[in-house]
Amino acid sequence: MTISIHEIGKMPNGDLAQQIVLENKNGHKIGVTTWGATWQFFKTNDGKDLMFGWQTTDKLWDHPYSVGGAIGRVGNRITGATFTLDGKEYHLKDNELGNALHGGRDSFMNRTWDFTTDEENNSVTFTTTMTEAIDNFPGTMPTSVTYTLTDDDEVILDFAAESDETTLYNPTSHGYFNPAGIDTDARDLTLQINSKRRLELRDTDTTPTGNFFENANTPYDFTEPTRIGDNLSQLEGPYDVKFDEAFEINQVAGQPAAVVSDPKSGRSVEVYSDRNAIIFFIANPEVADHEGDREWFDANPYNAIALEAQTLSDAINHEGFGDIVLPANKKQTYRTTYKFNNLA
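Numbering of residues begins from 1 in every chain and follows the order in which that chain's sequence is written. Under the rules for a predicted model, residues below a pLDDT of 70 receive no local features and side-chain atom pairs below 80 are neither given nor counted, while totals for whole chains, interfaces and linings still include all residues. In computing side-chain values, all of the structure's heavy atoms are included and hydrogens and water are not.

The next thing to look at is the overall build of the protein chain. Regarding its fold elements, the protein chain presents four helices and 28 strands. For a compact globule of 344 residues, the expected C-alpha radius of gyration is about 20 Å, and the protein chain comes in at 19 Å, within 12% of that figure. Dimensions of the protein chain along its principal axes, counting C-alpha atoms only, are 55 × 45 × 45 Å. Contacts are assigned to residue pairs with any non-hydrogen atoms lying within 4.5 Å of each other. Sequence-distant contacts in the protein chain: of pairs separated by 6 or more residues, those separated by 24 or more amount to 65%. Per-residue and other accessible areas were derived by the Shrake-Rupley procedure at a 1.4 Å probe size, with only the shown protein chains allowed to occlude residues. When the accessible surface of the protein chain is split by element, carbon and sulfur atoms take 42% of a total near 14,000 Å². Segments assigned H or I by DSSP are reported as helices when at least four residues long, segments assigned E as strands when at least two residues long, and all are numbered from the N terminus. For the radius of gyration, the atom set is restricted to C-alpha positions; the globular benchmark scales as 2.2 Å times the number of residues to the power 0.38.

For each structure, a 1 Å grid was placed over the protein atoms alone; sets of points admitting a 1.4 Å probe that cannot get out are labelled cavities, open sets with protein on both sides within 12 Å along at least five of seven lines are labelled pockets, and lining residues have an atom within 4 Å of a point. Grid points are joined across faces, edges and corners, and a volume is the space filled by probe spheres set on the points. Under the counting rule described, the total for this entry stands at one cavity of 30 Å³ or more. Put simply, the largest cavity is a space of about 40 Å³. Lining the largest cavity are Asn76, Arg77, Leu201, Thr206, Asp244, Glu245, Ala246, Ile279 and Ser313. Looking at the lining of the largest cavity, the element that brings in the most residues is strand S22 (residues 244-248), giving three residues. Only Asp, Glu, Lys and Arg are considered charged, only Ala, Val, Leu, Ile, Met, Phe, Trp, Tyr, Cys and Pro nonpolar, and every remaining residue, Gly among them, polar. Split by residue class, the lining of the largest cavity holds three nonpolar, three polar and three charged.

This part covers the environment of Gln310. By the secondary structure assignment, Gln310 is in strand S26 (residues 304-310). By relative accessible area, Gln310 is classed as buried at 0%. Taking the C-alpha atoms as reference, Gln310 lies 16 Å from Thr143; in sequence the two are 167 residues apart. Beyond its immediate chain neighbours, meaning those up to four positions away, Gln310 contacts Gly75, Asn76, Asn170, Pro171, Thr172, Arg275, Asn276, Ala277 and Ile279. Buried, partly exposed and exposed residues are distinguished by accessible area as a fraction of the type maximum, computed with a 1.4 Å probe on protein chains only: under 20%, between the cut-offs, and over 50%, respectively.

Residue placement: Ser268 occurs in strand S24 (residues 268-273). Look at Ser268 and you get buried, because its relative accessible area is 10%. Along the primary structure Ser268 and Asn215 are separated by 53 residues, whereas in three dimensions their C-alpha atoms are 23 Å apart. In contact with Ser268, other than residues within four places in its own chain, are Pro179, Val259, Val260, Ser261, Lys339, Phe340 and Asn341.

Summarising burial for strand S13 (residues 141-149): eight of the nine residues are buried, a large majority. Of the pairings in the sheet, the one linking strand S12 (residues 123-130) to S13 comprises eight bridges and is antiparallel in character. Across the sheet, Met130 pairs through a bridge with Met141, a residue of S13. Paired strands, in this sense, are two strands between which DSSP finds at least two bridges. In this structure, S13 lies alongside strand S14 (residues 154-161), joined through seven bridges in antiparallel fashion. When the sheet's bridge partners are listed, Thr143 is paired in S14 with Ala161.

The next subject is unusual backbone geometry. With an omega of 10°, the peptide bond between Gly72 and Arg73 qualifies as cis. Here Arg73 shows up in the loop between strand S6 (70-71) and strand S7 (77-78). The backbone of Ser66 sits at a positive phi, close to 50°, despite the residue not being glycine. Among the structural elements, Ser66 can be located in the loop between helix H1 (57-61) and S6. The backbone phi angle of Asp314 is positive, close to 60°, even though this residue is not glycine. As for its position among the elements, Asp314 is in the loop between S26 and strand S27 (325-326). Note on Asp314: relative accessible area 2%, which makes it buried.

Turning our eyes to something else, we now look at the packing of aromatic side chains. For any pair of aromatic rings, geometry is given as the distance between the ring centres together with the angle between the planes. A pair of Phe, Tyr and Trp rings is counted when the ring centres sit within 6.5 Å of each other, with Trp represented by its six-membered ring. The angle between the planes then sorts it: under 30 degrees is stacked, over 60 is edge-to-face, the rest tilted. Counted under the stated rule, the structure contains 24 aromatic pairs. Relative to Trp61, the ring of Trp35 has its centre 5.3 Å away and its plane inclined at 35°; by these criteria the two rings are tilted. On the criterion of sequence distance, the pair formed by Trp35 in the loop between strand S3 (29-33) and strand S4 (38-43) and Trp61 in helix H1 is long-range, its members being 26 residues apart. Residue Trp35 is classed as buried on the basis of its relative accessible area of 3%. On the basis of relative accessibility, which here comes to 34%, the residue Trp61 falls in the partly exposed class.

Let us look at the layout of surface pockets. The calculated volume of the largest pocket comes to roughly 1,400 Å³. Lining the largest pocket are 50 residues, and of these Arg77, Glu96, Leu101, Asp244 and Phe281 lie nearest its centre. Elements represented by at least two residues in the lining of the largest pocket include exactly H1, strand S19 (197-201), S22 and strand S25 (277-283). Broken down by element, the lining of the largest pocket gets its largest block of residues, four residues, from S19. When its residues are assigned to classes, the lining of the largest pocket shows 20 nonpolar, 14 polar and 16 charged.

Now the structure itself:
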């Protein structure tokens, strides 16, 4: 196991972005960077990259789709960028149609994190402190995310936080996976999600209504391994129609919440989580640079999927979605494990 550190350039705000590469005994590597505690790649020992990620400072700085970012304080959307906690109403920095997406305008992704490495455990821990002056959430909240690459080809993400005031905490990772390799069409992957229902989302801004839909006998049924493209073709929408859904997870001890597989190579990624939801999103993030260009999209189709483990979206505004309140002076931890199988 080895750890190496590289400079990848200065961000537009002048901060130096550093990349930390973890390599296990099998020769597989992950790369993560101090900007946004962002997960940039997973490369097999024969050079196959199984994740889509931005490698340059300009892309890391200002690009949609939250590629690879550590997400927080709260993942997904808070409706109206507003919530009430202990009788006080808080207004966040909205960044999408009047809502706060992935923590709002000044979030985990939009800052440089400090880091320490642990060679014995083949891990890197990123740390930062969020304050109400930064993101409008209550409390000063030191927080961390640790990436560990094991010799069993697991990537373990440990999130932790503690605040001096009661606040919200629902972090996740926005890594994009393709076990066939990022130069292939992600519609050919198979997906299984241990879920019977999903949130009903508003068509106007993808925020939850508070209700659920059953998945059975719909294009959203992934209870059995299913070719993504087969279900995607049943949806109606623009040329880059996509899944962007919050699936409620049926937790079963020892079983993954979701599995994405490449039938040709046999490679797969299993997602294990201690949370009650998976957000499934499919995209080619570069389509944002070619808006409306159907010819480009046909030549460069969906190349990866995100599987974001978190508590159900907008939980603070919907009873029964889960508890994302972090009481003052109480430490909260969460773990998500991505198990890579049948690598070269």
